[in-house]
Amino acid sequence: MTTSTPSQIPAQTPAHEWTPERIAALIALWNEGLTTSQMGLRLGITKNAVVGKVHRLGLPKRQSPIRKVAAREEKPMGEVIKLDKLTADMCCWPDGEPGTDEFRFCGKQAVADKPYCADHCRRAYVRVTKDGRKVAVA
Ligand SMILES: [Zn+2]
């Protein structure tokens, strides 16, 4: 298992100098949710230097529970249901491109004897008539 380091800090830059790259790295680490002391370690500066720079940059506060909830609600589907979480009574309507991270299943309570929830039953069991109208068949 390797740990990925998304924010690489240029090693040759003097620690005290706030180059645009270092400021970008600071902001990236901040947005990743690292503590100021962890950020200091990554950037090779003291925690106090991090706090001071964050303050001067006016970076938004993080790790407030309210913000976390808000961020989660931006996802339209809520909890991501992958194949391994899918159970027999869950809607197995696929969503997203198979093989990508986006791919998941609906996961709502399925209608009895049907593989889908009520919403997706309506979408699944629909027949298009000759004149283009959609009719439910179940
Ligand atoms: Zn569904």
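What you see is a predicted model; the values in this text were computed from it and never measured.

1. Overview of unusual backbone geometry
- Of note, the phi angle at Asp113 is positive, near 65 degrees, even though the residue is not glycine.
- Relative to the assigned elements, Asp113 resides in the loop between β2 (104–105) and α5 (118–124).
- According to the C-beta neighbour criterion, Asp113 is exposed, with 5 such atoms within 10 Å.

2. Digging into helix α1 (residues 20–32)
- Helix length check: α1 (13 residues) gives 18 Å between terminal C-alpha atoms against 18 Å at 1.5 Å per residue, within 8%.
- Those residues of α1 hidden inside the fold are in contact with α2 (36–43) and α3 (47–57).
- Following α1 by one or two positions, Gly33 has its phi on the positive side, about 90 degrees.

3. Quick look at the environment of Thr36
- One can find Thr36 in helix α2.
- Thr36 sits 18 residues away from Val54 along the chain, and the two C-alpha atoms are 9.0 Å apart.
- If near-sequence neighbours (up to four positions away) are discounted, Thr36 is found in contact with Lys47, Val50 and Val51.

4. Let's talk about the nonpolar core
- In this structure, Ile81, Cys91, Trp93, Phe105, Ala110, Tyr116 and Cys117 together form the largest nonpolar core, which totals 7 residues.
- Not counting chain neighbours up to four residues away, the residues in contact with Cys91 comprise Phe105, Cys106, Gly107, Lys108, Ala110, Tyr116, Cys117 and His120.
- Ranked by size, the runner-up nonpolar core spans 6 residues in total, among them Leu26, Leu29, Leu43 and Val50.

5. A word on the confidence of the model for the chain
- For the chain, per-residue confidence averages 80 on the pLDDT scale, and 75% of positions sit at 70 or higher.
- Across residues 65–75, confidence stays below pLDDT 50; counting only partners more than four residues off in sequence or on other chains, it has 1 contact.

6. Focus on the packing of α1 against α2
- At a minimum axis separation of 10 Å, α1 and α2 run at an interaxial angle of 145 degrees. Crossing handedness for the pair α1 and α2: right-handed. For the pair α1 and α2, the contacting residues are Arg22, Ala25, Leu26, Leu29 and Trp30 in the first and Met39, Arg42 and Leu43 in the second.
- Looking at the contact of α1 with α2 residue by residue, the class counts come to 6 nonpolar, no polar and 2 charged.

7. Thoughts on the packing of α2 against α3
- Closest axis-to-axis distance for the α2/α3 pair is 8 Å, and the angle between their directions is 105 degrees. Taken together, the axes of α2 and α3 are roughly perpendicular relative to one another. Along the contact surface, α2 presents Thr36, Ser37, Met39, Gly40 and Leu43, while α3 presents Lys47, Ala49, Val50 and Val51.

Calculation rules
- Residues numbered from 1 in each chain as written.
- Predicted model: local features only at pLDDT ≥ 70, side-chain atom pairs only at ≥ 80, totals over all residues.
- Helix = DSSP H or I, 4+ residues; strand = E, 2+ residues; numbered from the N terminus.
- Buried ≥ 20, exposed ≤ 12 C-beta atoms within 10 Å, placed from the backbone.
- Expected span 1.5 Å × (residues − 1).
- Contact = placed C-beta atoms within 7 Å.
- Core = buried A, V, L, I, M, F, W, Y, C linked by C-beta atoms within 7 Å.
- pLDDT = per-residue confidence, 0-100.
- Axes fitted to C-alpha atoms, helices over the stretch in contact; angles between N-to-C directions.
- Left-handed = near helix turned anticlockwise from the far one by under 90°.
- Nonpolar A, V, L, I, M, F, W, Y, C, P; charged D, E, K, R; others polar.
- Parallel < 35°, antiparallel > 145°, perpendicular 65-115°, else oblique.

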